[in-house]
Amino acid sequence: MHDLPPLARFGDRLATGLRDVTSDPSALDSSGFWAVVADFEGA
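Residues numbered from 1 in each chain as written. Predicted model: local features only at pLDDT ≥ 70, side-chain atom pairs only at ≥ 80, totals over all residues. Heavy atoms only, no water.

A. Seen up close, the overall build of the chain. A count of helices and strands for the chain gives zero helices and two strands. In terms of overall dimensions, the chain has a C-alpha envelope of 30 × 25 × 25 Å along the principal axes. Evaluated residue by residue, the chain yields a buried proportion of 5% over its 43 residues. Summed over its atoms, the accessible surface of the chain is roughly 4500 Å², and 55% of this surface lies on carbon and sulfur atoms. (Helix = DSSP H or I, 4+ residues; strand = E, 2+ residues; numbered from the N terminus. Buried < 20%, exposed > 50% of the residue type's maximum accessible area, 1.4 Å probe, protein only. Areas by Shrake-Rupley, 256 points an atom, 1.4 Å probe, with all protein chains shown as cover.)

In structure tokens form, the structure reads like this:
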């Protein structure tokens, strides 16, 4: 198995070089670019 770098796809946009992937909502208080992702069930 290959260790792939963290990435996220948002429609036709690809976010790479992610430094922090978390489920902690307090991370939204930090500066910089961030994105919120939820699955269909709402998690």
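So much for the structure itself; the text now carries on.
B. Region of interest: a nonpolar patch on the surface. On the surface, a cluster of nonpolar side chains totalling about 310 Å² of accessible area is made up of Leu28, Trp34 and Val36. Looking at where Trp34 falls in the secondary structure, it is placed in the segment after strand E2 (13-16). (Patch = residues over 30% accessible without salt bridge, like charges linked within 9 Å, V, L, I, M, F, W, Y side chains within 5 Å. Salt bridge = Lys/Arg side-chain N within 4 Å of Asp/Glu carboxyl O.)

C. Up close: the environment of Ser30. By secondary structure assignment, the location of Ser30 is in the segment after E2. Given a relative accessible area of 43%, Ser30 falls into the partly exposed group. Among the polar contacts listed, one links the side chain of Ser30 to the backbone oxygen of Ala27, at a separation of 2.7 Å. (Polar contact = N/O pair within 3.5 Å; in protein donor to acceptor, adjacent residues only side chain to side chain.)

D. Layout of the pairing of E2. Sheet analysis places strand E1 (residues 7-10) next to E2, joined by four bridges and oriented antiparallel. Note that in E2 the partner of Phe10 across the bridge is Arg13. (Pairing = 2+ DSSP bridges.)

E. Quick look at the environment of Val37. Checked against the element boundaries, Val37 lands in the segment after E2. Separated by 27 residues in sequence, Val37 and Phe10 have C-alpha atoms that sit 9.0 Å apart.

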